[in-house]
Structures are given as structure tokens and as C-alpha cells.
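Chains, contacts and geometry: an overview
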Amino acid sequence: MKSKEEEYRQLFLTEALENFEELNRLFVELEKDISSKKAIANIFRIVHTLKGNAMGMGYDKIADLAHVMEDVFGAIKNGEVVPDKELVDSLFRANDKLGGLINAITTEERVSYLGIKTKLSVYLKNAREEFAAGGSKVSEEGSQEEESEEAEEESKDQGSGIKFADVVQIPVRKMDDLLNMVGELVIERDRLISLFGSEGKSTLEFERIKRISSNLHYGIMNVRMVQMGFLFNKFHRVLRDAASTEKKDVELILKGTEVEIDRNILKIISDSMVHLVRNAVGHGIETATERKDAGKPPTASVTLSAALEKDSVVITISDDGKGINTEKIKEKIVRQNMVTQEVADKLGEKEIVRYIFEPGFSSADKVTEISGRGVGMDVVKKAVESIGGQVLVDTELGLGTSVHLVLPSSLALKGALLFEVEMQEYAIPLTYIDSVTYLKKDDIHQVADSLMIDYQAQSIPIVFLRGLLEVKNLDSIDQNMIGGEELKTLDTDKELNVIITTHSGRLLGLVVDKLQRQKEIIEKKLPKPLDNSRLLSGTTILGSGNVCPVLDVASIMDVLFQSTVKKVVS
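Cut-offs used in this document
- Residues numbered from 1 in each chain as written.
- Predicted model: local features only at pLDDT ≥ 70, side-chain atom pairs only at ≥ 80, totals over all residues.
- Heavy atoms only, no water.
- Helix = DSSP H or I, 4+ residues; strand = E, 2+ residues; numbered from the N terminus.
- Buried < 20%, exposed > 50% of the residue type's maximum accessible area, 1.4 Å probe, protein only.
- Axes fitted to C-alpha atoms, helices over the stretch in contact; angles between N-to-C directions.
- Parallel < 35°, antiparallel > 145°, perpendicular 65-115°, else oblique.
- Left-handed = near helix turned anticlockwise from the far one by under 90°.
- Contact = heavy atoms within 4.5 Å.
- Pairing = 2+ DSSP bridges.
- Salt bridge = Lys/Arg side-chain N within 4 Å of Asp/Glu carboxyl O.
- Patch = residues over 30% accessible without salt bridge, like charges linked within 9 Å, V, L, I, M, F, W, Y side chains within 5 Å.
- Areas by Shrake-Rupley, 256 points an atom, 1.4 Å probe, with all protein chains shown as cover.
- Lys, Arg positive; Asp, Glu negative; His and termini not counted.
- Charge placed at Lys NZ, Arg CZ, Asp CG, Glu CD.
- Nonpolar A, V, L, I, M, F, W, Y, C, P; charged D, E, K, R; others polar.

**Quick word on unusual backbone geometry**
For N337, which is not a glycine, the phi torsion comes out positive at approximately 60°. Positionally, N337 belongs in the loop between α14 (326-335) and α15 (341-346). Accessibility expressed as a relative area gives 71% for N337, which makes it exposed.

**Examining the packing of helix α2 (residues 37-57) against helix α3 (residues 60-77)**
One can describe the packing of α2 onto α3 by two numbers: an axis separation of 8 Å at closest approach and a directional angle of 150°. Here α3 runs roughly antiparallel to α2, going by the angle between their axes. Between α2 and α3 lies a crossing whose hand is left-handed. Touching I40, I43, F44, V47, H48, L50, K51, A54 and M55 of α2 are I62, A63, A66, H67, M69, E70, F73, G74, I76 and K77, all from α3.

**What about the sheet that holds strand β11 (residues 444-447)?**
Taking strand neighbours across the sheet as the criterion, the 6 strands line up as β10-β14-β15-β13-β12-β11 in an open arrangement whose pairing is mixed. In this open sheet, the two strands that pair with only one neighbour each are β10 (433-439) and β11. Within the sheet, the average angular offset between the axes of one strand and its neighbour, ignoring direction, is 35°. One ladder, built from 4 bridges, connects β11 with strand β12 (residues 450-455); its direction is antiparallel. Counterpart to Q446 in the pairing with β12 is L451.

**Details of the pattern of salt bridges**
Under the criterion given, the structure shown has 23 salt bridges. A salt bridge links K51 to E70, with the shortest nitrogen-to-oxygen separation between them at 2.9 Å. Residue K51 is located in helix α2, and its partner E70 is located in helix α3; the two are separated by 19 residues in the primary sequence. Overall, the relative accessible area of 13% leaves K51 in the buried class. Residues E286 and R291 are paired through a salt bridge, measuring 2.9 Å at the closest nitrogen-oxygen approach. The exposure class of R291 is buried, given its relative accessible area of 2%.

**Points about the sheet that holds strand β6 (residues 390-396)**
Each strand in a sheet pairs with another by means of backbone hydrogen bonds, the pair being arranged parallel or else antiparallel. The mixed open sheet is built from 5 strands, whose spatial order is β2-β4-β5-β7-β6. Each of the sheet's edge strands pairs with one partner strand only, and the pair in question is β2 (250-255) and β6. Strand-to-strand twist in this sheet, taken as the mean axis angle between neighbours without regard to direction, amounts to 15°. Inspection of the sheet shows β2 paired to strand β4 (residues 300-309) by 6 bridges, in the parallel sense. Residue pairing in the sheet places E251 in a bridge with S301 of β4. Here helix α11 (residues 235-246) sits on the sheet and contacts β2 and β4; the angle it forms with β2, its principal contact strand, is near 160°.

**So, a negative patch on the surface**
Where like charges cluster on the molecular surface, the negative patch consists of D442, D443, D454, D491 and D493. Positionally, D493 belongs in the loop between α19 (484-488) and β14 (496-503).

**Notes on the packing of α11 against helix α12 (residues 263-284)**
Close contact between α11 and α12 brings their axes to 9 Å; oriented N to C, the two are set at 35°. Here the hand of the crossing between α11 and α12 comes out right-handed. From α11, F235, V238, L239, A242, A243 and E246 reach across to α12, where they touch S270, M273, V274, V277, R278, V281 and G282. For the contact of α11 with α12, a count of residues per class yields 9 nonpolar, 2 polar and 2 charged.

Quick look at the structure:
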């Protein structure tokens, strides 16, 4: 993995060389039309940007030369200097020196630039004095004298050259097209291996093509990976604006900026993170008076962190504010007729907190520019779950709140567990799997209208997936339709294959007919009109050529949870 500094350096080089080439084009345009305001404004903008970027990276020589060029064009814009052929010639040479200094970052060659820098400085000084004197001519001997120290080196590198960056910028669309084609190659590879393997031929003959195609696939995936720092750094302004609006003193802390993730995932969840950061400032962080009364530092903090866990990247947005008041949430969900008081009293803190993800829920007492935690949380949940992720919340009253976004590191390839139900193969992404276990009839207990099992010192619900897949109307699920009746006729000694799935802090056992194997899959979205399915998130093609549906664990858990609450309420 490249260091953060190296990646920043490569980005600077790419942009700086693009600036160099654009300046060459603009100087040609200026030479043709010495009064072109558009060319003058664009040149000023580019050298100003280049100067700032170079200063930020510590490339002082580039910044010095760009600064002088910026001053020259600032004077031209202000009417203090009228560009002529001599000045344009000097600017071409200055730009050549800029290109040399930029390339020297990689080649470490010595590039002389003081002569042209001095010439431009003296030219500017003389032009300003002439402007102030009303047109009197000032000698430029000083510039000629200063420039002579580099005359010999100037003669060695006369003329413009063509320079290329070591980084090529490729449109994301083209990368996605390449990744799709490689995905098709992997599917075809697996099909051939399955076909010839079934004929008794050794799959060793395919090991080389398997290795090459896998390396190609991961190579293209790696190109789409970016460091979290490139997203996190954008939040300095987001937090500053939110804190200014709320009149609160808040600092941003970044951790795990070197963790890499698919850039397409960042695009999808960036708006969600803006919601979370603004909500943390608007509702999570106390006022200055409240923090003082609570014995907290006057400056609050919001922390963005990223970490790798198995096949996932976990992004956490934390604040050291007052935490989520679960009693306040309980009052609101009862008032809004989401549950009865009786049901609300039986819910645990984590179950109550989950209601902040319900559409329209808000814990704010009044609507402001930055409303309370909960506004937009349903949008956050949908965005994260649309890419196979999940949202978890940890909160402690008086100490703060952390929202964890558990995301796949890539959208292109994901680990999955394959299994069978009614002779049909299905897949569940590994990110949703807690474990796999084997149970018998006596291990399953019926509690009220639900089937439950004991798992890791807690009772969790369990359903027979065969029955769930046969349900036509998910809004009126009957437990007997998803396992109750089947359990009654089950042989006592029959061993059940159970996948323990996890989502948003909940656990659910799924009884399947047969467990197969783990496999990396390429998931494709369901075609219309199947894309509205609440049980499936997509499909993949197996080596056998068969279509394999991918279960939407998040949606399944939401349906079952809502169904249970409705029954209790009614």
C-alpha cells in the first residue's frame, strides 16, 4: 500500500503537469492576442493554484517561481503592466523552468530558475515604476546582470519539451467497463473449470489462467481504491459551517485516513456522512453552557475514523456530546403511534435507538437548519444497505454517540456463502454472517408466535428459509408459514443447517436445506420488475452457468422485525 504522502505527491505531480501544459497553451493564446482578458485571468488562476499547492507540499522552488508569475499577472490585471513580446518570451521560459522543477521532484535533477525569476521580478519592478512615473523608461540592466549567472545552463535547455506525468487519469466509467469485462472473464473461467472438471480432467491445467485472471481482477479493483483521507479531509469545511451555524466550538479529529475503499462506495455514502456530521454538531454536541455545567472541555470534538475488519471497512462518526436520550425517543414513538406504551416499555435501549432510522422520525424539539439526530437517518440507512452495508449505533447518555457504517471494501467482488433451498442455490454475503451451526428439533423453542433458539447466552429468532421464500405477501407474515408447521412434522434426530446472520445489532437464524461452500461472487442488480424484491438484493452467475440469487439479509430482518412489532401492537 502506498503511503499517504506518496499518494499526495503523485496527485500533486499529475495536477502540476496538467497546469504546466495548460499554461503553455494559454501563453500561445496570449501571444496571439496580447490583450486577451480570458487568457490573462486563466493564467493568473492557474499560477495562483499551483503556488498554493506547491507551498502545501513543501516544494518551495516551484512556489517561488509561481509566486513571481502570479505577481506579474496580478499587475497585468490591474493595468500596471502592459504585456509585450519580451514579457511573453520570458513567461514561456519561466514556464519551461516550472516544468523542469516539477519533473525534478521525481528525477531529483538540479534545475536553475533564479535567473528567470529575477528577470521577471525586475521587469515587474521597472514596469510599476514606469507606470507610477507616467511613462518614463527604466533600465533593465539589473535583470540582465542577475540572469548572467545562469547563461551557460540556459543554453543547454533552450526550447520547449514534452513532459508526461507518471499518473494517468481515467474516467470511472471506463474503469467500470473494464471491471465488468473482467468479471465476465472470471465467470467464464469458472464455467470452463466446472465443465472440464465434470469430465474428469484435472483443474491443474487451468491454474495458470485462474491466477492470471484473478490478478487482473484484483489489479483493476485496486485502481478504483482510494484512501479515506480524501473523503475525510472534505469534512473540515462541513464541520466548520455546521459549528458556525450552531455557534458551537467543535474540532474535527481524523483517524485511519490511510484505509482504502472503493471510490464508488465513497460517492454513495458521502451525503450520508454529511448528515451524520451535521447531526452530531447540531444535536449531539451541547451548548457551551451545558458543557461547562457537565464539566466538559469547552471545545467539543467530532471524530471520523476508518478501520478494516475482515472483508469490511468500518467508518465511525463519533461525538463527545450528550448522547441519545432513549427515554425521549420512547416518548416520541408512542406519541407518533409507532408502538404502544406497553410495547415501548418492553424494548431494550438498542431496540429503542433503532427507531431513529424510521422515516420521518426526529428527536429534535424544533426544526432548524441543522435539526436533531434522526433527521435523514432513514436516508443514511437506505444508502448504506443499498451497497450491502449496515449501520450500528453506540450511545451513552452524557458521554456521546458513535455511528458505525459497516461497508464492503469493494462493490465489484464480495465473499459469500452458497447454500441450497429446494434444490436452488442461493448466496449470502459474508458480511452478514455471524456463524454457521447445526441444530436439532429440540433446540428450537416456540415463544408466543415466534421460533427461538439459544445462541451465545441470548435468545434469537429463527425461521425456515423455505417457508419465507414462499410467502407472497410480506406485510402479513404468519409464523406458521415460515417454519411453525414444518417444525411440528420434523424428525427429532434430523440435523438442521443453520446460518446465523447479523444486521444492525440483531441476530437471526436461517434454516437452509444444504450448506455448500464459500465463494467470491460478482453481484449484479436484479432486472426490472424484479428489482423491487424485498428478499433478494441481486444475482450472480456460478461456474455451472446457473443463476444464483443473493439474499437481502437487511430487508429480511427489517420485514420480520416490523411484522413482530405489528403483531404485538395489534
